[in-house]
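Single-letter residue listing:
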Amino acid sequence: MYRYFHEDGSQTADPGDEVWGGHECCYSIVTSVVGEGKIREHYVRINRCWPHMLVSRKKDWSWEMSNVLYCYSSVPDGHRVGGTGPLLLCV
């Protein structure tokens, strides 16, 4: 399954994706201050009601966004102009 996170905060899927169902979906990147303003918390929120999603980099420089229910992984694209990281050849 492919999900696309667009710069305008919308999220879509491939046309005809039967799991998606064609519903509206949005996301936002949240930065908050916790504990007397000393700790900053960063996470992604989808549709306001899903559990917070934490973002991390994988060894191949792709991204992973996950919580206790879901896990999204980006497709490594370092070979593309404007990709998310350097091209790392795995041997």
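What this report covers is the structure whose coordinates are included nearby. Since the model is a prediction, treat every value here as computed from it, not as a measurement.

Some points on the overall build of the chain
Line of reasoning, step 1. Of the regular secondary structure elements, the chain holds 0 helices and 7 strands.
Line of reasoning, step 2. Starting at the N terminus, the α and β elements of the chain follow one another as β-β-β-β-β-β-β.
Line of reasoning, step 3. The burial tally for the chain puts 21% of its 91 residues in the buried class.
Line of reasoning, step 4. When contacts within the chain are restricted to residue pairs at least 6 apart in sequence, long-range pairs at least 24 apart make up 12% of them.
Line of reasoning, step 5. Taken as a whole, the chain presents about 7200 Å² of accessible surface, with 57% of it coming from carbon and sulfur.

Side note on the nonpolar core
Line of reasoning, step 1. Within the largest apolar cluster, 9 residues are counted, these being Ala13, Trp20, Cys25, Tyr27, Val44, Ile46, Met53, Met65 and Tyr72.
Line of reasoning, step 2. The residues touching cysteine 25, leaving out its near neighbours within four places in the chain, are Gly9, Ser10, Gln11, Trp20, Ile46 and Asn47.

Section: the sheet that holds strand 6 (residues 63-66)
Line of reasoning, step 1. Strand order across the open sheet formed by 3 strands is 5-6-7, with antiparallel pairing between neighbours. The open sheet has two edge strands with one neighbour each: strand 5 (54-57) and strand 7 (71-73). The mean inter-strand angle of the sheet, taken between neighbouring strand axes irrespective of direction, is 20°.
Line of reasoning, step 2. As defined by bridge partners, strand 6 adjoins strand 7 across 3 bridges and the pair is classed as antiparallel. Among the inter-strand pairings, serine 66 is bridged to a residue of strand 7, identified as cysteine 71.

Considerations on the side chain of arginine 3
Line of reasoning, step 1. Note on placement: arginine 3 falls in strand 1 (residues 3-5).
Line of reasoning, step 2. Note on arginine 3: relative accessible area 18%, which makes it buried.
Line of reasoning, step 3. There is a polar contact of 2.7 Å between the side chain of arginine 3 and the side chain of aspartate 17.
Line of reasoning, step 4. Those residues in contact with arginine 3 that lie beyond four places of it in its chain are Gln11, Thr12, Ala13, Asp17, Val19, Trp20 and Tyr72.

Quick look at the pairing of strand 6
Line of reasoning, step 1. Sheet topology places strand 5 next to strand 6; 4 bridges connect them, and they run antiparallel. Each bridged residue has a counterpart across the sheet, and for valine 55 the counterpart in strand 6 is methionine 65.
Line of reasoning, step 2. Linking strand 5 back to strand 6 in an antiparallel pair, the connection comprises 5 residues, with tryptophan 61 at a positive phi of about 70°.
Line of reasoning, step 3. Counting the residues in the hairpin turn of strand 6 and strand 7 gives 4 residues.

Thresholds applied
Residues numbered from 1 in each chain as written. Predicted model: local features only at pLDDT ≥ 70, side-chain atom pairs only at ≥ 80, totals over all residues. Heavy atoms only, no water. Helix = DSSP H or I, 4+ residues; strand = E, 2+ residues; numbered from the N terminus. Buried < 20%, exposed > 50% of the residue type's maximum accessible area, 1.4 Å probe, protein only. Contact = heavy atoms within 4.5 Å. Areas by Shrake-Rupley, 256 points an atom, 1.4 Å probe, with all protein chains shown as cover. Core = buried A, V, L, I, M, F, W, Y, C linked by side-chain atoms within 4.5 Å. Pairing = 2+ DSSP bridges. Axes fitted to C-alpha atoms, helices over the stretch in contact; angles between N-to-C directions. Polar contact = N/O pair within 3.5 Å; in protein donor to acceptor, adjacent residues only side chain to side chain.

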